[in-house]
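Remarks on the overall topology
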Amino acid sequence: MDQLELYQSDSFNTTDTLWILISAALVFFMQAGFKVLETGLVKSEHRSGIGIKNLMDWVAGSLAFFLIGFGLMFGTSAGGFIGTSFFFGNDLEPGYSLVFFIFQLAFAGTALTIVSGAMSGRTALAPYFIASLFTAVLIYPIFGHWAWGNLLNEDNQPWLAGLGFMDFAGSTVVHSVGAWVGLVGIWMVGPRLGRFTSKGTLIPVKASDYAYSVLGVMILWLGWWGFNGGSALAFDTSVPLIILNTNLAAAGACFSAYLHAKIFQKNQDLIEKIIGGSLTGLVAITACCNVVSPISSLIIGLLAGIIHNISYIIISEKWKLDDPVGAIPVHGFGGVFGTLCVALFGKEELLMHGRGTQLVVQIFGVIVCFVFTVGVSYLIFLLIKSTIGLRLSPNEEVEGAIFGAHTQAPELDQLPEQTVSQVSVRVGERAYNLFKVDEYLNLPRETRINLIKSEGVQYLDDSGNVVPTLKAVRYLSGIIEEQRDKSTSSVDLVELSFYKEKMDMIGNMQDVLLGEEHSINSVFEDSFIILKPKGKVSSDFYWHGKEKGYSIAIAATSQDPDISSAFITALTISQLNEIVGIKKILPPEKVLEILDQKLTMALGQSKADEEVRKGVEIGMLLVDTVRRRVYYSGSGSGVKLYAKKLDSILTEFKGLDVPLGMSGKAQKKFERVKIDYSKGDAFFLCTEGFPNQLNESGKRYSTTKFRVLLEKSAGKSMADQKMNITTELENWKGKEDQTEDILVMGIKP
């Protein structure tokens, strides 16, 4: 055995070295704990972003800390301010120094992960990754050298440690550093969309999964045993006491946070405060767990829980900062409190100075950390913000984009079909069965109707989420038709009539199917719908939705005196929900082709009927907001698309001059029109109702006049345009009864 092998053997076969390595593994496992904790606290759209940023934290930390950060933090000291050796892994001897590096690498990763939680939900990955690199290379190692620079090389004399500053496992060095970087980050990037009103009122945001977050707390709690216990850098009699103190502080903080929130804060954000209180206790005990008694640890925890709850309110409601996971109260305020507890609760014989002097030194160290970290991180974030930017775009933020570049919707011809999958049926007071959709639809119709009457059925999506009743109404008949492979008749729609408060009026059924006019604003922010039936039931109707990153608007009309307009509405909408909402078929020409086939079977029009042009006239507008492009396809002359670009006149687009649902020998060939648009361009889907409306003199409004009306108002907001069009209609018809069903849809993508 040569000398190197002998050194390695002596080093790795020691209890102390093995304990440090185990502790390093526990601290690394805290990365998973942070991921689980933060993922459960953010909105569901941002879960993937949190996960990937936690992973990239470790990547950034591993690379930057190995290449530069470890050397700046623990290398040979230059005047007590900065390390000058160990760069690029040089001079790291096999054995203890490598294990020490791994342990400290896990600590560096913890500091970085704190930032990801604080800035989650609106920060792009690239700028965040750059900020993590700077933190791992400069901020954490340099301040870490000032406080811990002599842990590996006892000959080093770091200036802050030389003053007697004590921070055993990093309440300030790790946690406050991460918190202050995060504080600057959330101030620079701004709050998530919808977090505050224009007057600064806080709007609650629903967490995606509290149970997931509680699991994260438990993982972190376990990892903290290695975080604090491993900081002894040896497995001696102090380790069990350190772990006991850690556990007591966390338990005390959780208990006091719960009671304080329940009694003094009216249960506001109770779960967040229980979770955050536990972690604040863990952060607070980190600086002093080696110098305090178990009773003192419990007191520290009890105080930490209350400090967390108060600072939680200060951050969100007083300072108006958006901290989705509560990182600043936990790691910032908790870290400061824990650092001061060294002097306040530590056994005096274990302190570097008398209690009073030690408290002054601890306060000074906290201030130095805050000033240095905030100053450097401000410059870093300012540089990033002024070059590549910090935030995601609004669309990316709402949809939970991960990489800072919007994940573009796939091209239309590449979209896969999808199916909805299961139905929950109540078979007893607390007993349920789960059916696949085809199994459920194979039940006798009478059975299904009885289940609907008794509210014993719920439709579920692929993830098990309950599909809203209105959406179930829309696609139920389409599912029935697809499963049975036959035309949908009015008998098939009997089931629909029992939805939505067991409607018995067909007009009410149409209202439910269409929904409120303003619901289009959830698809197109600047848009409007004007639907004015001349009677109780309108032959004009609409549909809209968002699928696969595309926004969709459809206007339609039917003029068939032999078939109820409400039935046509229900039939067409149910088919659209099947084709678009369930199967995710989006190319407009393909949607109309399939819809035409289904309506033709359902309506069963004869050759003689073709002469009177019965059927559904329809226009479908599909908007790709990322590529700034719209696609249009239509059928029948009763619906038209008007496009008003800022630099041109109003343009009219027509579809195939044959309604849907008409059989014939000639196969219909629907075409897709592509229109590129710019910000401010407007699109209008309209039926012929308004141009055909009569006034008191019996005169039609005319298509020409209607085009002029749209063109003149196109530059205004959609709300103003809706008011202008509605006012013009009322002025035109005067006391004349409404002679036409009227539908106008306006959209500014």
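Predicted, not measured: the structure shown is a model, and the values here were computed from it.

Summing up its helical and strand segments, the protein chain has 24 helices and 15 strands in all. Every one of the 749 residues in the protein chain was classed for burial, and the buried ones make up 54%. Considering only contacts in the protein chain between residues 6 or more positions apart, those separated by 24 or more positions represent 75%. Here the protein chain displays about 31,400 Å² of accessible surface, and carbon together with sulfur accounts for 58% of that area.

Tallied over the entire structure, the rule returns 29 aromatic pairs. Taking the centre distance of 4.8 Å and the plane angle of 55 degrees together, the rings of tryptophan 146 and phenylalanine 372 count as tilted. Separated by 226 residues along the polypeptide, tryptophan 146 in helix α5 (residues 125-148) and phenylalanine 372 in helix α13 (residues 355-387) bring together distant segments of the chain. Both residues of the pair, tryptophan 146 and phenylalanine 372, count as buried. Pairwise contacts between aromatic rings join Phe65, Phe66, Phe70, Phe74, Phe86, Tyr96, Phe100, Phe101 and Tyr140 into one cluster. Here arginine 47 stacks its cationic end above the ring of tyrosine 212, 5.1 Å away from the centre of that ring. Cation over ring: lysine 53 sits above tyrosine 128, and NZ or CZ is 5.9 Å from the ring centre.

Moving on to the packing of helix α8 (residues 210-229) against helix α9 (residues 238-264). At a minimum axis separation of 9 Å, α8 and α9 run at an interaxial angle of 140 degrees. In terms of their interaxial angle, α8 and α9 are classed as oblique. You can see that α8 and α9 cross each other, and the crossing is right-handed. Across from Trp221, Trp224, Trp225, Asn228 and Gly229 in α8, the residues of α9 making contact are Val239, Ile242, Ile243, Thr246, Asn247, Ala250 and Ala251. Split by residue class, the contact of α8 with α9 holds eight nonpolar, four polar and no charged.

Moving on to the sheet that holds strand β15 (residues 742-748). Taking strand neighbours across the sheet as the criterion, the five strands line up as β6-β15-β14-β11-β12 in an open arrangement whose pairing is antiparallel. Edge positions in the open sheet fall to β6 (526-532) and β12 (651-653), since each of these has one partner strand only. Geometrically, the sheet is characterised by an average inter-axis angle of 15 degrees between neighbouring strands, direction not taken into account. Direction of pairing for β6 relative to β15: antiparallel, over a ladder of seven bridges. Counterpart to isoleucine 529 in the pairing with β15 is methionine 745. The strands touched by helix α23 (residues 703-713) are β11 (639-644), β12, β14 (682-687) and β15; relative to β11, the strand with the most contacts, the crossing angle is about 40 degrees.

Bringing the pairing of β15 into the picture now. With seven of seven residues buried, β15 is to be regarded as a mostly interior element. Pairing analysis gives four bridges linking β14 to β15, with the strands arranged antiparallel. By the bridge assignment for β15, phenylalanine 683 is matched with isoleucine 747.

For the rest of this paragraph, the subject is the pattern of salt bridges. Under the defined criterion, the tally for this structure stands at 13 salt bridges. Aspartate 322 serves as the salt-bridge partner of arginine 192, at 2.7 Å between the closest nitrogen and oxygen. With arginine 192 in the loop between α7 (171-189) and α8 and aspartate 322 in the loop between α11 (294-318) and α12 (327-345), this residue pair connects regions lying 130 residues apart in the sequence. Overall, the relative accessible area of 6% leaves arginine 192 in the buried class.

When pLDDT is averaged along the protein chain, the result is 83; 80% of the residues meet or exceed 70. Low pLDDT, under 50, characterises residues 415-420; the predicted model gives this stretch 21 contacts beyond four residues in sequence or across chains. This stretch, residues 606-612, has a pLDDT under 50; its non-local contacts, to residues over four places away or in other chains, come to four contacts.

The next thing to look at is α23. Looking only at α23, the buried set comprises Phe706, Leu709, Leu710 and Ser713. One side of α23 holds all its buried residues, which, seen down the axis, span an arc of 95 degrees. For α23, the exposed residues set more than 90 degrees away from the buried face come down to Thr704 and Lys712. The N-terminus of α23 is capped by serine 702, whose side-chain oxygen sits 3.2 Å from the backbone nitrogen of lysine 705.

Turning next to the nonpolar core. Grouped burial of nonpolar side chains is what soluble globular proteins tend to show. Among the nonpolar cores identified, the biggest contains 94 residues, and Phe65, Tyr140, Phe143, Trp148 and Leu279 are the most heavily contacted of them. It is helix α4 (residues 96-118) that contributes the most residues to this core, 12 residues altogether. Setting aside anything within four residues of it in sequence, one finds tyrosine 140 in contact with Phe65, Met73, Gln104, Phe107, Ala108, Ala111, Thr135, Trp148, Val173, Val174 and Val177. Ranked by size, the runner-up nonpolar core spans 28 residues in total, among them Ile573, Leu595, Met620 and Phe670.

Looking now at unusual backbone geometry. You will see that asparagine 267, though not glycine, has its phi angle at about 65 degrees, which is positive. Of note, the phi angle at lysine 320 is positive, near 60 degrees, even though the residue is not glycine. The topology assignment puts lysine 320 in the loop between α11 and α12. Judged by relative accessible area, lysine 320 falls into the partly exposed class, the value being 39%.

Moving on, we come to the packing of helix α2 (residues 15-41) against α4. When two helices pack together, their arrangement is given by the angle between the helix axes and the distance between those axes. At a closest axis distance of 9 Å, the pairing of α2 and α4 adopts a crossing angle of 15 degrees. Between α2 and α4, the interaxial angle falls into the category roughly parallel. Crossing angle aside, the handedness with which α2 passes α4 is left-handed. On α4, the residues touching Thr17, Ile20, Leu21, Ser23, Ala24, Val27, Phe28, Gln31, Phe34 and Glu38 of α2 are Tyr96, Val99, Ile102, Phe103, Ala106, Phe107, Gly109, Thr110, Thr113, Ser116 and Gly117. Of the residues assigned to the contact of α2 with α4, the class counts are 12 nonpolar, eight polar and one charged.

Once that is clear, we can look at the pairing of strand β8 (residues 550-558). Most of β8 sits out of view: nine of its nine residues are buried. What you see with β8 is no split at all: Tyr550, Ile552, Ile554, Ala556 and Ser558 on one side and Ser551, Ala553, Ala555 and Thr557 on the other are buried throughout. Direction of pairing for strand β7 (residues 540-547) relative to β8: antiparallel, over a ladder of eight bridges. Paired with histidine 544 across the strands is alanine 553, a residue of β8.

In this section: the sheet that holds strand β10 (residues 629-635). One open sheet accounts for five strands, arranged β7-β8-β9-β10-β13; its pairing is antiparallel. At either end of the open sheet lies a strand with only one pairing partner, and these are β7 and β13 (673-676). Each adjacent strand pair in this sheet contributes to an overall mean axis angle of 15 degrees, direction not counted. In this sheet, β10 lies alongside strand β9 (residues 616-624) in antiparallel orientation, the contact comprising seven bridges.

Attention now moves to the environment of leucine 621. If you trace the backbone, leucine 621 turns up in strand β9. Residue classification places leucine 621 among the buried positions, given a relative accessible area of 0%. Placed 63 residues apart in sequence, leucine 621 and phenylalanine 684 show a C-alpha to C-alpha distance of 9.5 Å. Filtering out sequence-adjacent residues up to four positions away, leucine 621 remains in contact with Ser551, Ile552, Ala553, Val630, Tyr631, Tyr632, Leu641, Phe683, Leu685 and Ile747.

Here we take up a nonpolar patch on the surface. A contiguous nonpolar patch, built from Phe255, Leu259, Ile263, Phe264, Leu298 and Leu302 and spanning about 570 Å² of accessible area, is present on the exposed surface. Counting only elements with at least two residues in the nonpolar patch, the list comes to α9 and α11. With respect to the element layout, leucine 302 can be found in helix α11. Owing to a relative accessible area of 32%, leucine 302 belongs among the partly exposed residues under this scheme.

The rules we used
Residues numbered from 1 in each chain as written. Predicted model: local features only at pLDDT ≥ 70, side-chain atom pairs only at ≥ 80, totals over all residues. Heavy atoms only, no water. Helix = DSSP H or I, 4+ residues; strand = E, 2+ residues; numbered from the N terminus. Buried < 20%, exposed > 50% of the residue type's maximum accessible area, 1.4 Å probe, protein only. Contact = heavy atoms within 4.5 Å. Areas by Shrake-Rupley, 256 points an atom, 1.4 Å probe, with all protein chains shown as cover. Phe/Tyr/Trp six-rings, centres within 6.5 Å; stacked < 30°, edge-to-face > 60°. Lys NZ or Arg CZ within 6 Å of the ring centre and 35° of its normal. Axes fitted to C-alpha atoms, helices over the stretch in contact; angles between N-to-C directions. Parallel < 35°, antiparallel > 145°, perpendicular 65-115°, else oblique. Left-handed = near helix turned anticlockwise from the far one by under 90°. Nonpolar A, V, L, I, M, F, W, Y, C, P; charged D, E, K, R; others polar. Pairing = 2+ DSSP bridges. Salt bridge = Lys/Arg side-chain N within 4 Å of Asp/Glu carboxyl O. pLDDT = per-residue confidence, 0-100. Arc of directions from axis to C-beta. Polar contact = N/O pair within 3.5 Å; in protein donor to acceptor, adjacent residues only side chain to side chain. Core = buried A, V, L, I, M, F, W, Y, C linked by side-chain atoms within 4.5 Å. Patch = residues over 30% accessible without salt bridge, like charges linked within 9 Å, V, L, I, M, F, W, Y side chains within 5 Å.

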